[in-house]
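# Secondary and tertiary structure notes
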Amino acid sequence: MATMQAVVFKQPYKVAYEQVLRPTDPQEGEAIVRVMACGLCGSDLHPYRGAEKGLRQGTVCGHEFAGVVEQVGAGVQLEPGARVAASFTTACGSCWFCNHALSSRCEKAKLFGWIDERTGDGIHGAQAQFARVPNADGTLVVLPPDVSFENGVLLGDIFATGYFCARNALDALARSGVPKEELTLAVVGCGPVGLCAIAGAQALGFEQIYAIDRVASRLQKAKDMGAMPVYPDQDPQKIIQEATRSANGGYGVDAVLEVVGAYQALETSFQLVRPGGVVSSVGVHAHDRGFPVSPEQCYDKNITFRSGRCPARSLMPELFHAVGKSGVSQIISHRVPLSCAEKMYTLFESQASGILKVIFDPWG
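Residues numbered from 1 in each chain as written. Predicted model: local features only at pLDDT ≥ 70, side-chain atom pairs only at ≥ 80, totals over all residues. Heavy atoms only, no water.

## Quick notes on the environment of A91
Filter applied, for reference: Secondary structure elements follow DSSP: runs of H or I no shorter than four residues count as helices, runs of E no shorter than two count as strands, and numbering proceeds from the N terminus. Note on exposure labels: buried denotes an accessible area under 20% of the residue type's maximum, exposed denotes more than 50%, and partly exposed covers the range between, all computed with a 1.4 Å probe on protein chains only. Any pair of residues with heavy atoms lying within 4.5 Å of one another is described as a contacting pair.
Structurally, A91 can be placed in the loop between strand 5 (83–86) and strand 6 (114–115). A relative accessible area of 1% places A91 in the buried class. As for A91 and L102, which are separated by 11 residues in sequence, their C-alpha atoms are 9.6 Å apart. In this structure A91 touches C98, S103, C106, N135, G138, T139 and R313, once residues within four positions along its chain are discounted.

## Re the nonpolar core
Nonpolar side chains in soluble globular proteins tend to be buried together. Basically, it comes down to this: Grouping buried Ala, Val, Leu, Ile, Met, Phe, Trp, Tyr and Cys residues that are joined through side-chain atoms within 4.5 Å yields what is termed a nonpolar core.
L155, F159 and I198 are the most contacted members of the largest nonpolar core, which has 58 residues in total. Top element by residues in this core is helix 4 (residues 158–172). It accounts for 9 residues. Apart from the residues within four sequence positions on either side, I198 is in contact with V187, I209, A211, A222, M225 and A227. Core analysis: the next-biggest nonpolar cluster, separate from the first, contains 35 residues, L78, A126, V336 and F348 among them.

## Side note on the packing of aromatic side chains
So the rule is basically this: Stacked, tilted and edge-to-face are the three classes assigned to paired rings of Phe, Tyr and Trp, where Trp is represented by its six-membered ring and a pair needs centres within 6.5 Å; plane angles under 30 degrees give stacked, over 60 edge-to-face, the rest tilted. Here, a charge over a ring means that NZ of Lys or CZ of Arg falls within 6 Å of the ring centre while also lying within 35 degrees of the ring normal.
Overall, the coordinates contain 8 aromatic pairs when judged by the stated rule. Taken together, the aromatic side chains of Y13, Y48 and Y345 make up a single cluster linked through ring pairs. Here R22 stacks its cationic end above the ring of F130, 3.9 Å away from the centre of that ring. Note that R83 overlies the ring of F149, its terminal NZ or CZ placed 4.7 Å from the centroid.

## A few points about unusual backbone geometry
Backbone geometry at N135 places phi at a positive 45°, although glycine is not the residue there. If you trace the backbone, N135 turns up in the loop between strand 8 (130–133) and helix 2 (136–139). Given the relative accessible area of 26%, N135 is considered partly exposed. The backbone of Q351 shows a phi angle near 55°, a positive value even though the residue is not glycine. With respect to the helices and strands, the residue Q351 is situated in the loop between helix 13 (341–349) and strand 17 (357–361).

## Topic: the pairing of strand 10 (residues 184–188)
To be explicit about the condition: We call two strands paired when DSSP finds no fewer than two bridges between them. Clockwise travel from the first strand over the helix to the second, with the strands pointing away from the viewer, marks a crossover as right-handed.
A large share of strand 10 lies buried, amounting to 5 of its 5 residues. What you see with strand 10 is no split at all: T184, A186 and V188 on one side and L185 and V187 on the other are buried throughout. As paired strands, strand 10 and strand 11 (residues 208–212) are joined by 5 bridges and run parallel to one another. Residue pairing for strand 11: L185 is matched across the bridge by I209. For the crossover from strand 10 across helix 5 (residues 192–204) to strand 11, the handedness is right-handed. Two strands pair when backbone bridges link them, and strand 10 and strand 13 (residues 253–258) are joined in this way by 4 bridges, in the parallel orientation. Looking across to strand 13, one finds that A186 is bridged to V256.

Shown next as structure tokens:
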């Protein structure tokens, strides 16, 4: 039987690089993709840390990948040899949600790299040399020649997610009467998604962006990208209050992008936003602490709260140009063989200095 190398989930705080069965014989609607680049995402850490429970032991990890179509099943329009990137969830391309730019809520959506330990439902991921892709025509996007595999990886998840977070905020502020170039924005969390949110916000026309994080190397990268860092030894509320004094009397920023998925991050977001402002959240809140503010508090501050999973497949085609122009690939700090995955998971989980975005080469 055909085999391949892949990263598989063993138990909390343990993944392994090992030989597994290779996907073959694509069924109707499926494609087999030879993975040329794949990413390590912050969302991969939720089951890794044990915060998200129920992942079956032996599941191939990862949901960010780009590569070349190797084989196709019956009914698939994509041709072998096509350079493609995948959205992090599958999409049928024909249901009501897919037809209304909300592929993340596709009726047939499945997250790559998640197989339920109880039911066995789900699909393997793509931190591997090959990946099986259901609903291939709806899930995969053919990459233009000038979009690299690395940028394809970013397009399928974190760049699209950062852009989506910023766009949600901008849409909610459309009737605020504040010119786009005068809007103030804070990004809470400057890991890979937060840095993509900064790049996405800039692509949309935001100019005054404050970056908040506890890791100095992440803040330095945010600064390099044009954001104004708020350092761990500073009080974010005081900094933001002073920074917005001339714009609106010091009431706070017009919008906050929350990308961490932690109770404290969302709590900070509500503290920093001005009355009538927007909190746009795309962090995956895999905790049971509830919501940091009450409906009454939102009412009293006229807050607009927007949240949800990014419809990456719906957004990918419109972001081909932006992903290159934004220079977002500068957030890639480590380009390493897939065999280094165990070490990279440990470093990424610990937020080690200098580690931002990891891209794996399955063939290195």
